Amino acid sequence: MKRQILLFLALTISALAICSCQSKNEKTKEENTCQDPDRFLIIHSEMSQDRQIADDVASMLLKDGHEVELRENISEETVKMSNIKAVISVGRSETVYLLGKDTKIPHLYCITDGGVAPDTDRKGIAPTIESASLADAAMILLPNAEDFSIISNAEGASDVQDACDLFDRTGMDYTVESLEGRIYGEVLLSCLESDTDALLLPPGSCGSKNSSAFSLPYIPESYVPVIAVGIEDPLNGALATFCIDPEPMAKALYSLINSEVYGYPVSVPESFYVLFINKARAVSLDERAKKNISELYNVIWIE
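Each helix and strand counted, the chain has ten helices and twelve strands in total. Here the chain holds 303 residues, and 43% of them are scored as buried. Sequence-distant contacts in the chain: of pairs separated by 6 or more residues, those separated by 24 or more amount to 64%. Total accessible area on the chain stands at roughly 16600 Å², and carbon and sulfur atoms take up 50% of it.

In contact at an axis separation of 9 Å, helix 2 (residues 48-63) and helix 9 (residues 246-262) are set at 45° when each is read in the N-to-C sense. If you check the angle between helix 2 and helix 9, you find them oblique. With respect to the hand of their crossing, helix 2 and helix 9 are arranged in right-handed fashion. Side by side, helix 2 and helix 9 meet where Gln49, Gln52, Ile53, Asp56, Val57, Met60 and Leu61 of the first sit next to Pro246, Met249, Ala250, Lys251, Leu253, Tyr254 and Ile257 of the second. Here the contact of helix 2 with helix 9 is built from residues that sort into ten nonpolar, two polar and two charged.

Once that is clear, we can look at the layout of surface pockets. The space that makes up the largest pocket amounts to roughly 330 Å³. Considered class by class, the residues forming the lining of the largest pocket number eight nonpolar, six polar and four charged.

So, on to the nonpolar core. One finds Ile227 and Phe242 to be the most contacted residues of the largest nonpolar core, which totals 57 residues. Listed in part, the 19 residues of the second largest apolar core include Tyr184, Cys206, Ala228 and Ala238.

What follows concerns the sheet that holds strand 3 (residues 86-90). Sheets are built from strands paired through backbone hydrogen bonds, the pairs being either parallel or antiparallel. Read across the open sheet, the five strands follow the order 2-1-3-4-5; overall the sheet is parallel. Edge positions in the open sheet fall to strand 2 (67-71) and strand 5 (124-125), since each of these has one partner strand only. In this sheet, strand 4 (residues 107-110) lies alongside strand 3 in parallel orientation, the contact comprising four bridges. Residue Ile88 lies in a different strand from strand 4, and its bridge partner there is Leu108. Along the sheet face, helix 9 touches strand 1 (39-44), strand 3, strand 4 and strand 5 and points at about 165° away from the line of strand 4.

Before going further, it helps to spend a moment on unusual backbone geometry. Glycine aside, the phi torsion of most residues is negative, and most peptide linkages are trans. One non-glycine residue with positive phi stands out, namely Ala157, at about 60°. Within the secondary structure layout, Ala157 lies in the loop between strand 6 (147-152) and helix 6 (161-170). At Glu232, a position not held by glycine, the phi torsion is positive, near 75°. Tracing the backbone through its elements, the reader meets Glu232 in the loop between strand 9 (226-229) and strand 10 (240-244).

Interhelical geometry of helix 5 (residues 131-141) versus helix 10 (residues 287-296) gives an angle of 150° and a closest axis separation of 8 Å. Here helix 5 lies roughly antiparallel to helix 10, going by the angle between them. Note on element contacts: helix 10 touches helix 5 through Ala289, Asn292, Ile293 and Leu296, opposite Asp136, Ala137, Ile140 and Leu141. When the residues that make up the contact of helix 5 with helix 10 are grouped by side-chain class, the tally is six nonpolar, one polar and one charged.

For the chain, mean pLDDT is 87; residues scoring 70 or higher make up 87% of the total. Every residue in residues 1-33 is under pLDDT 50, and counting partners more than four places away or in other chains gives zero contacts.

Tallied over the full model, the rule gives four aromatic pairs. Between Phe148 and Phe167 the ring centres are 4.7 Å apart and the planes differ by 15°, which places this aromatic pair in the stacked class. Of this pair, Phe148 sits in strand 6 while Phe167 sits in helix 6; the two residues are 19 residues apart in sequence, bridging distant segments of the chain. Across this residue pair, the class does not change: Phe148 and Phe167 are buried.

Parameters and conventions
Residues numbered from 1 in each chain as written. Predicted model: local features only at pLDDT ≥ 70, side-chain atom pairs only at ≥ 80, totals over all residues. Heavy atoms only, no water. Helix = DSSP H or I, 4+ residues; strand = E, 2+ residues; numbered from the N terminus. Buried < 20%, exposed > 50% of the residue type's maximum accessible area, 1.4 Å probe, protein only. Contact = heavy atoms within 4.5 Å. Areas by Shrake-Rupley, 256 points an atom, 1.4 Å probe, with all protein chains shown as cover. Axes fitted to C-alpha atoms, helices over the stretch in contact; angles between N-to-C directions. Parallel < 35°, antiparallel > 145°, perpendicular 65-115°, else oblique. Left-handed = near helix turned anticlockwise from the far one by under 90°. Nonpolar A, V, L, I, M, F, W, Y, C, P; charged D, E, K, R; others polar. 1 Å grid on protein atoms, 1.4 Å probe; cavity = no way out; pocket = protein on both sides within 12 Å on 5 of 7 lines; lining within 4 Å. Points joined across faces, edges and corners; volume = space filled by probe spheres on them. Core = buried A, V, L, I, M, F, W, Y, C linked by side-chain atoms within 4.5 Å. Pairing = 2+ DSSP bridges. pLDDT = per-residue confidence, 0-100. Phe/Tyr/Trp six-rings, centres within 6.5 Å; stacked < 30°, edge-to-face > 60°.

Shown next, in the form of structure tokens:
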């Protein structure tokens with residue numbers, strides 16, 4: 001009988017302890033649920049791909065239960081906003097502006113124009129593609145080509161040195177045309193009217209979206225194949241254009257935000273670029289060349 005009483009008391013105490021633990025857990029869960037969600041501010045440029053990246057990142061953060069404010073303009077009010085867990089800039093001008101301000105909160109950036117990354121300790125993503133990739137793509141797409149032209153945007157052609165090195169190793173002839181102190185249209189037209197087998201336009205050598213190669217009619221009217229790095233969209237008239245893919249950019253930026261704010265590991269894709277090939281320009285390409293380029297790069301065929 002005594003043993004039964006002791007067993008009953010032990011079971012009663014255990015049950016009370018379990019109920020107490022459950023009550024504490026439920027209370028803690030309720031407290032966590034009642035906590036205010038973290039707030040993020042995303043400022044993006046008017047470029048469609050920057051807007052898409054910002055929208056995708058916002059959707060991911062909202063899915064995690066956070067609050068997000070999207071803005072397409074920059075103001076002092078934006079920088080001084082309080083109760084922000086982190087501010088994210090998508091676009092070069094937006095990033096440069098915020099880099100010049102003491103936000104006093106974490107600032108993460110994303111730049112999609114293919115140019116050099118800003119000189120800052122702040123974390124961000126600013127992918128570019130080496131000019132050697134353009135040279136490699138040109139030689140694959142045009143296996144019979146022997147002479148190439150490259151437009152350089154940097155002093156001493158340092159921005160295209162890796163393409164020159166590749167051409168040297170493969171025994172190809174090439175000419176580098178520098179934009180220093182020269183009118184862009186004249187340099188571009190001169191290359192397209194030369195005896196070159198292909199013209200390469202690495203990052204920075206296409207000019208801005210509203211000028212240079214993007215607004216001039218020379219490339220669509222020329223028979224010379226052009227391999228370029230685009231700004232937002234494929235270059236009109238080019239045979240092939242390397243462009244940023246917004247989807248992996250958004251995922252990488254979201255991963256970087258979680259890493260800097262919450263300490264999670266960063267996940268970065270192997271490449272941020274896709275290669276758009278113009279079907280009309282590629283009609284004369286060898287089938288083997290089409291197969292080889294598709295095995296090396298993520299290719300999208302466009303009209």
